[in-house]
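Now for the letters of each chain:
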Amino acid sequence: MRGDQQVKQQEMEQYSAEEEVTKESQEVVDKKEDPNSGEVVPSEFGYLQRNEFTSEIYKIEVRNLGYFGIGEFKKLLKSKLKLDMSKIKSPQRKDFAFVCFRSQEDQEKALSLLNGYKWKGKVLQAHIAKASADPLQRKRKEAGNVEDVESNKRQRSSAEATCPLSGMPYEDQLRQKDSSMKELIKKFVGELKKTNRDSAKNLENFKYEGVLPSPAIDGYRNKNEFTVGKNGQGEVVVGFRLGSYADGSVEVAEVETLPHIPKAAKWGAKSFQNFVRKSRFEPFNPEGNAGHFKQLMVRTSSSNTNELMLVAGIYSSNLSDSDLMELKRDLKEYYETIEEGDFKCSSLYYQDVKHREAGQMVSPVEHLSGSTHIFDTIHGLNFRISPLAFFQINTAGANVLYQKAIDLAAPKAHSTVLDICCGTGTIALAFAKHCKQVLGVEIIPDAIKDAEFNAENNHISNCKFYAGNADDYIQSMVREVTYGTPPGSPLNIIAVVDPPRAGLHNRSIAAIRAAEGIKRLVYISCNPQRAQRNWIELGRPQSKQYKGDPFYPVTAVAVDMFPHTSHTEMIILFERKNDVEERTDVDRNQSTTLVDAGTTEIAADTIGET
């Protein structure tokens, strides 16, 4: 489900130029001649003349929208007008939007339907929009001289770019994160009160319990996605980007000194770096979509140090079929022979990371060598992990995170837990022994196969998993539980959501709101700043879009899943409005022992307004 939600969110937000701009290799010049028309075009728009598709060519601007929601606008375009757009981009200004298409025919159809169309009491205006400029080339043009920009700009180190708190004692890191989460909760409460005037009385007992520390502070990341590029000296490096393409940066730095990367992952990056440097094929260059080696995913196991999965991301558009076969063969032979100390690749995959086709959610992978999966352990349960499946980055921290989620959800022997965005089934199986049954849904079929295997492998029989879109399954899962409960028997449904960084799509929130059988919801977020949008949607008054009683927050707990970085995981227990008054089974006054972080009561008279 995480993959699905990310794709949906990307449709709504402005794409970075690295994702949406396709270009060939070019020198940094102010002007470039179009080989077809002979016209001279600015370099920041040179990507439009390339051979690869970009929907920026077929973009329109729709004005006079007034105040609108992206979801309802998308519904108008897709469901009512039957327009096949590739993405919507809505700037902060809320009276217009850009819509991109995949062909001139679709663009012209949209212009004819939208221009003059009456929607929400307004007459829409639609016209062809200018393509977005390549931000890297734009910044270089604005600077006037590339060499001066690069020499005068202080480049961040890899530590500053990826783990900015690494120079701070861990106790101080927790204090800083605790302060940040308090401010975030305060802002959320203020916004919810503005959105729902009846919420104040339901927020009087809402409390934030502070930050729980991670059992593992160094080397905890079991999944790392490295970029292949060049450092400031022009050397090929497999590591982390020091900045974004949109900010004008393409430099990559090594990861050897980073404290949050395990030694096995560092070896994976170094070994791949050596391979790329010796290969006749080139590292990928985002300035012109030239080259081949683009990225490397490294997955490690905390329970079995001999398991190391490498997924080599190759940009294949510049390769012939024979060249691609040669590259794969070279990769396979290299990793089947190389072994250094305790480190050896146990699972090798190839991933095709060229520009995605229409409707393609993830870049496909191909198994090249070794085992097809790796295994790890959470809550004493063994989990099989496929290359693209979601698994918590910090395995030791996941034990703390899931236990706290179980404590807050407080399932009973007769409870049913709905695991929305279930991935490989880690949350579902952790909850299984505490409730009657768990129903999980996930958009990625391979992840569901892993979840089913994991349930059988751990001898757990009260879990059922569905491959599909959560929007379509939430209501049906609730009906299945309702109809399967004998008359007179207690009905207790608890939903647990652990969405991607972008949060849940508003359709999923609407489905949860409409499912009246769900009385309690545990929301786990790896990006609390973005998740606030979902939290507000859960607490909005009933409306045509959000049916059913609102959910109000009861308890919030942060878990430091990402030591040395500024990121923090947040768990919030939500309950239905009517359910809040009926709670008798959970003691909400129990304090939690924290590292330099006490319990903070979120009372209406202390945190009211922002």
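This is a predicted model, so every value here is computed, not measured.

### Let's talk about the overall build of the protein
The helix and strand inventory of the protein stands at 17 helices and 26 strands. Expressed as a percentage of its 610 residues, the buried residues of the protein come to 55%. Looking at the protein alone, contacts between residues at least 24 apart form 71% of all its contacts between residues at least 6 apart. Accessible surface, the protein as shown: approximately 26600 Å² in total, 46% of it carbon and sulfur.

### Some details on the UniProt feature "active site" (unreviewed entry) in the protein
Per the UniProt record, the feature "active site" (unreviewed entry) sits at Cys526. Mapped onto the secondary structure, Cys526 falls in the loop between β23 (518–525) and α16 (528–539).

### Quick look at the packing of helix α14 (residues 470–483) against helix α15 (residues 506–514)
In the contact formed by α14 and α15, the axes pass within 9 Å of each other and the chain directions differ by 5 degrees. As summarised for this structure, α14 and α15 are arranged roughly parallel, according to the angle between their axes. Contacts between α14 and α15 involve Ala470, Asp471, Ile474 and Gln475 from the first element and Arg507, Ser508, Ala511, Ile512 and Ala514 from the second. Along the lines of polarity and charge, the residues of the contact of α14 with α15 split into five nonpolar, two polar and two charged.

### Let's talk about the pattern of salt bridges
Two side chains with opposite charge may pair up if their charged atoms get near one another. According to the stated counting rule, one finds 19 salt bridges in the structure shown. Here Glu366 and Lys328 are joined by a salt bridge, their closest N and O atoms 2.6 Å apart. In this pair, Glu366 is assigned in strand β16 (residues 365–370) and Lys328 in helix α10 (residues 321–337), connecting sequence segments 38 residues apart. On the basis of relative accessible area, Glu366 is assigned to the partly exposed category, the value being 34%. The network of salt bridges with shared partners includes Arg280, Asp323 and Glu326.

### A short note on the UniProt feature "binding site: S-adenosyl-L-methionine" (unreviewed entry) in the protein
UniProt tags Gln392, Glu442 and Asp498 as "binding site: S-adenosyl-L-methionine" (unreviewed entry). Mapped onto the fold, Gln392 is located in the loop between β18 (381–385) and α11 (395–409). Residue Gln392 is classed as buried on the basis of its relative accessible area, which comes to 3%. Assignment of secondary structure puts Asp498 in the loop between β22 (492–497) and α15. Taking relative accessible area as the criterion, Asp498 reaches 2% and is therefore assigned buried.

### So, the environment of Phe68
For Phe68, the location among the structural elements is in the loop between β3 (59–63) and α3 (70–80). You can call Phe68 buried: its relative accessible area is 1%. For the pair formed by Phe68 and Lys120, sequence separation is 52 residues and the distance between their alpha carbons is 9.0 Å.

### Let's talk about the confidence of the model for the protein
Here the protein averages 82 in pLDDT, while 79% of its residues score no lower than 70. Per-residue pLDDT stays below 50 along residues 145–154; that stretch engages in nine contacts with residues further than four places along the chain or on separate chains. Across residues 579–610, confidence stays below pLDDT 50; counting only partners more than four residues off in sequence or on other chains, it has 74 contacts.

### Remarks on the sheet that holds strand β15 (residues 347–352)
Pairing in this open sheet of seven strands is mixed, and the strands run β12-β11-β10-β13-β14-β15-β16 from one edge to the other. Both outer strands of the open sheet, β12 (252–253) and β16, are each paired with one neighbouring strand and no more. The pairing of strand β10 (residues 223–230) with strand β13 (residues 293–300) spans five bridges and is antiparallel. Bridge pairing links Asn224 to Val298 in β13. Running over the sheet, helix α9 (residues 263–278) touches β10, β11 (236–241), β13 and β14 (308–314) and is turned about 155 degrees from β13. Against the sheet, α10 engages β13, β14, β15 and β16, with an angle of about 35 degrees to β16.

### Remarks on the environment of Asn454
Structurally, the position occupied by Asn454 is in helix α13 (residues 445–457). The class of Asn454 is buried, set by a relative accessible area of 0%. Considered as a pair, Asn454 and Leu429 are 25 residues apart in the sequence and their alpha carbons are 8.2 Å apart. Each residue touching Asn454, except ones within four places of it in the same chain, is listed here: Asn382, Phe383, Arg384, Thr424 and Leu429. Among the polar contacts listed, one links the side chain of Asn454 to the backbone oxygen of Thr424, at a separation of 2.9 Å.

### Digging into the sheet that holds strand β5 (residues 97–101)
The four strands are arranged β4-β5-β3-β8 in an open sheet whose pairing can be described as antiparallel. Where the open sheet ends on each side, the last strands, each with one partner, are β4 (85–89) and β8 (125–128). In this sheet, adjacent strand axes meet at a mean angle of 25 degrees when their direction is disregarded. The pairing of β3 with β8 spans four bridges and is classified as antiparallel. When the bridges of β8 are listed, Glu61 appears paired with His127.

### As for the packing of helix α8 (residues 170–195) against α16
Running from N to C, α8 and α16 cross one another at 30 degrees; their axes reach a closest spacing of 10 Å. Of the possible angle classes, the one that applies to α8 and α16 is roughly parallel. In terms of crossing hand, the pair formed by α8 and α16 is right-handed. Where α8 abuts α16, its residues Met181, Leu184, Lys187, Phe188, Glu191, Leu192 and Thr195 lie against Pro528, Gln529, Gln532, Trp535, Ile536 and Gly539. The class makeup of the residues in the contact of α8 with α16 is seven nonpolar, four polar and two charged.

### Quick notes on the pairing of strand β20 (residues 437–442)
Most of β20 sits inside the fold, with five of its six residues counted as buried. The parallel pair strand β19 (residues 415–420) and β20, bridged by helix α12 (residues 426–432), forms a crossover whose chirality is right-handed. One ladder, built from five bridges, connects β20 with strand β21 (residues 463–467); its direction is parallel. Each residue of the ladder has a partner; that of Glu442, found in β21, is Ala467. Handedness of the crossover joining β20 and β21 through α13 is recorded here as right-handed.

### Some thoughts on the side chain of Ser279
Checked against the element boundaries, Ser279 lands in the loop between α9 and β13. Within the structure, the side chain of Ser279 is placed 3.0 Å from the backbone nitrogen of Phe281, a separation counted as a polar contact.

Conventions we followed
Residues numbered from 1 in each chain as written. Predicted model: local features only at pLDDT ≥ 70, side-chain atom pairs only at ≥ 80, totals over all residues. Heavy atoms only, no water. Helix = DSSP H or I, 4+ residues; strand = E, 2+ residues; numbered from the N terminus. Buried < 20%, exposed > 50% of the residue type's maximum accessible area, 1.4 Å probe, protein only. Contact = heavy atoms within 4.5 Å. Areas by Shrake-Rupley, 256 points an atom, 1.4 Å probe, with all protein chains shown as cover. UniProt positions renumbered as here; feature names shortened; annotations may be inferred. Axes fitted to C-alpha atoms, helices over the stretch in contact; angles between N-to-C directions. Parallel < 35°, antiparallel > 145°, perpendicular 65-115°, else oblique. Nonpolar A, V, L, I, M, F, W, Y, C, P; charged D, E, K, R; others polar. Salt bridge = Lys/Arg side-chain N within 4 Å of Asp/Glu carboxyl O. pLDDT = per-residue confidence, 0-100. Pairing = 2+ DSSP bridges. Polar contact = N/O pair within 3.5 Å; in protein donor to acceptor, adjacent residues only side chain to side chain. Left-handed = near helix turned anticlockwise from the far one by under 90°. Right-handed = clockwise from strand over helix to strand, strands pointing away.

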